[in-house]
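Chain by chain, the residues:
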Amino acid sequence: MIVTEGLTRHYGEIVAVDNLTMKIKSGEIFGFLGPNGAGKTTTVRVLCCLISITAGNAFIGDYQVGKPEDSLKIRKMVGLLPENAGLYERLSAYRNLDFYGKLYEMPETRRKENIEHFLRMLGLWERKDQIAGTFSKGMKQKIALARALIHDPEIIFLDEPTAGLDPEAAQMVRNFILELKKEKRTIFLNTHNLDEADKICDRIGLIKTKLIRIASPEDLKKGLWSRKTAIQLHNLNDTILKTVKQLDSVKSFQTMDNKLILEVDDPEKENPSIIEAIIKAGGKIVFVTEVRPSLEDVYLKLIKEA
Amino acid sequence: MKFSKAWIIAMKDFEEIKKNKYIMTTLILMPLLFAIIYPIVFIGSALAVENTDTSDLEAITGMVPNAETMTPQQILITYLANLMLILFSMVPGIIPTFIASYSFVGEKLNKSMEPLLATPTTDTEVLLGKSLAVFLPTMLVTYMSSCVLVVLVDWLTFPIFNRLFFPNIELLIVLFLFAPAISIMSIELNVLVSSKVNDLRAAQQIGGLVVLPLVIILIASLLNIFSINPISLLLLSALIILLDVGLLYLSKSIFQREEILTRWK
Ligand SMILES: Nc1ncnc2c1ncn2[C@@H]1O[C@H](COP(=O)(O)OP(=O)(O)OP(=O)(O)O)[C@@H](O)[C@H]1O
Ligand SMILES: [Mg+2]
């Protein structure tokens, strides 16, 4: 649905996006992660035909980004929630949306239906006649989200949709995004919230001017470290350590206070006998847990290496 | 280019303008003030001097068409009325700086340009829509206040001329050619200014420079270098229209998505 081939964008001397090649499938939620200034917003602006490409190609559906005759068609297909809500502060929430509906040349009935549908979904229908300038940041963000959807776009670009929202509002927006996925829309999500990306994205692209990696959250996490097992004991002593050291199944281990962290090739198969051995050696086990790297660990490691 | 899209944008801007008390007050009061104060000062002073000697008027007699058939007072009034028309053209020059500073710089400061540009509209449609939203109210208040001006001048001068002084050819040229051209020039200058300036007041002050050509014309005619008559007004209008065309190209080259999002400060 979205394809980039060696997409590059410079601002004068500054290289904002360098040789970006990726494919985003129809109906997926794609998370775009990267530090400040990594080129996320630039990529979105290029894909929405707002700014030009310096080198490379990009396609939205069957249309080519940067081709003048395709620009209007692409903009009609996509919805954009920019970094700043940018509502008309003197106009009502309803009028803000109505204006955009008209610009997308939506028939009046469909326009009205959509405005009501989205405002109700976002819990703002009762306040539709209120002036946007009087809304809180979160409410403005929701109106801007509705605005991005008003014309039923197939592809939605969301640039940090939950930035600055309270946890409840952020949760609501996330659930809303998942609803959109059910409607088979393609979602391109820029975010700094790793937990959010982990929870809702089908695939994640890590960018720092260049694309660092692109994979599902699971694969990203799996690819970096093998799985580990943590065993919390009451009494970690030398006898227990000696026993563990002699076990062939344990490839390596670390200790932290009374905690043993083991690296095992096949934990499902080996762990029961390891635990049995520790108990036999007099170990009193409190907890046994699997240690998985969080997306944050993966992110920090990959960005540091890049 | 679809005019309907430009019109949708213009309608949205009208609505915002209507809700802006500051602009609405300026829009109503300033032209009205001009339309009332100028006639009182100019025509009033001419009425005050009753026994004008023709010799005093020698300098301006040459500037007034058909002066030989007029009384000295009629000559004086005609001369001052012409100056007044140029001064009144400041209305279509200044009004756009108030509206445009809000609708262009305001939209930029408000960051509402990016979502607008992400819609399937062309740069020309957006520029045209936003320009219309400045032009139409400007011309509306210009014409409305010109009615006040005409009535006031005719009421004051009827005893002197025994006919209606306005409308005359000069007034018609100013209202239907010169004033719209000045207003368009002002709008285009404001587009250029708004790409560089991030402050409403500063935008208004720089945009206000548009009255400079008018001041020059005024001084030139006070110094009797330039005479205001239908031909010279037509030539002036043509010159401003030419300037408008040049400025249109400039403002169109500045009002482009890429420029607005990456280079506008
Ligand atoms: N208009 C501009 N002129 C010059 N350089 C720019 C411009 N816009 C962005 N850049 C540069 O391009 C690079 C990428 O910026 P971009 O806004 O795409 O990053 P981002 O990933 O969205 O960052 P953030 O997470 O802070 O939003 C940065 O180095 C930035 O300084
Ligand atoms: Mg950004």
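Residues numbered from 1 in each chain as written. Chains lettered and ligands numbered in written order. Predicted model: local features only at pLDDT ≥ 70, side-chain atom pairs only at ≥ 80, totals over all residues. Heavy atoms only, no water.

Colleague: Quick one: what's the story with the pattern of salt bridges, residue by residue and with numbers?
Modeller: Tallied over the entire structure, the rule returns 34 salt bridges over all chains. For lysine 5 of chain B, the salt bridge goes to glutamate 105 of chain A, with nearest N and O atoms at 3.8 Å. Here lysine 5 of chain B, found in helix α1 (residues 3-18), pairs with glutamate 105 of chain A, found in the loop between α3 (93-103) and α4 (108-121), and the two come from separate chains. Here lysine 5 of chain B falls in the buried class, since its relative accessible area comes to 5%. One salt bridge connects aspartate 123 of chain B with arginine 257 of chain B, and the closest N-O pair in it is separated by 2.3 Å. Remark: arginine 257 of chain B occurs in helix α12 (residues 257-262) and aspartate 123 of chain B occurs in helix α7 (residues 123-161); sequence separation between them is 134 residues. Take arginine 257 of chain B: its relative accessible area is 6%, and that puts it in the buried class. Each of Arg95, Asp98, Lys102 and Arg111 of chain A together with Glu15 of chain B takes part in one network of salt bridges that share partners. (Salt bridge = Lys/Arg side-chain N within 4 Å of Asp/Glu carboxyl O. Helix = DSSP H or I, 4+ residues; strand = E, 2+ residues; numbered from the N terminus. Buried < 20%, exposed > 50% of the residue type's maximum accessible area, 1.4 Å probe, protein only.)

Colleague: Can you break down the interface of chain A and chain B residue by residue, with the values?
Modeller: The figure often quoted for interface size is the accessible area lost as the parts come together. Listed per partner, the contact involves 29 residues of chain A and 28 residues of chain B. If you look at where chain A meets chain B, you find 5 salt bridges. As a salt-bridge pair, glutamate 105 of chain A and lysine 2 of chain B come within 2.7 Å of each other at their nearest N and O atoms. Of all the secondary structure elements, the ones that give two or more residues to the side of chain A that touches chain B are β1 (2-11), α2 (68-77) and α3 of chain A. Here the element with the most residues in the side of chain A that touches chain B is α3 of chain A; it accounts for 5 residues. For the side of chain A that touches chain B, a count of residues per class yields 16 nonpolar, 3 polar and 10 charged. (Contact = heavy atoms within 4.5 Å. Nonpolar A, V, L, I, M, F, W, Y, C, P; charged D, E, K, R; others polar.)

Colleague: Before we move on, can you summarise empty space enclosed by the protein with the specific residues and values?
Modeller: The full count for this structure, using the stated rule, is 2 cavities of 30 Å³ or more. If you add up the space inside the largest cavity, you get close to 50 Å³. In terms of lining residues, the largest cavity is bounded by Gly79, Leu80, Tyr100, Tyr104, Arg147, Ala148 and His151 of chain A together with Pro115, Ala118 and Thr119 of chain B. Where the lining of the largest cavity is concerned, the elements lending two or more residues are β6 (78-81) and α5 (137-149) of chain A. Tallied by class, residues from the lining of the largest cavity come to 6 nonpolar, 3 polar and 1 charged. Roughly 30 Å³ of volume is contained in the second largest cavity. (1 Å grid on protein atoms, 1.4 Å probe; cavity = no way out; pocket = protein on both sides within 12 Å on 5 of 7 lines; lining within 4 Å. Points joined across faces, edges and corners; volume = space filled by probe spheres on them.)

Colleague: Please set out the site of ligand 1 residue by residue, giving values where relevant.
Modeller: In the vicinity of ligand 1 there are 15 residues, among which Lys40, Thr41, Thr42, Glu83 and His192 of chain A approach most closely. Taken together, the residues near ligand 1 originate from chains A and B. Here an oxygen atom of ligand 1 and a side-chain polar atom of threonine 42 of chain A are 2.5 Å apart. Between ligand 1 and glutamate 83 of chain A, the relevant distance is 2.6 Å, taken from an oxygen atom to a side-chain nitrogen or oxygen of the residue. Relative to its unbound accessible area of 630 Å², ligand 1 is 70% covered by the protein chains. Of all elements in the fold, only β2 (14-24) and α1 (40-47) of chain A reach the threshold of two or more residues within the shell around ligand 1. By residue number, the principal contributor to the shell around ligand 1 is α1 of chain A, which donates 3 residues. Here the shell around ligand 1 is composed, by residue class, of 5 nonpolar, 7 polar and 3 charged. (Near = heavy atom within 4 Å. Polar contact = N/O pair within 3.5 Å; in protein donor to acceptor, adjacent residues only side chain to side chain. Areas by Shrake-Rupley, 256 points an atom, 1.4 Å probe, with all protein chains shown as cover.)

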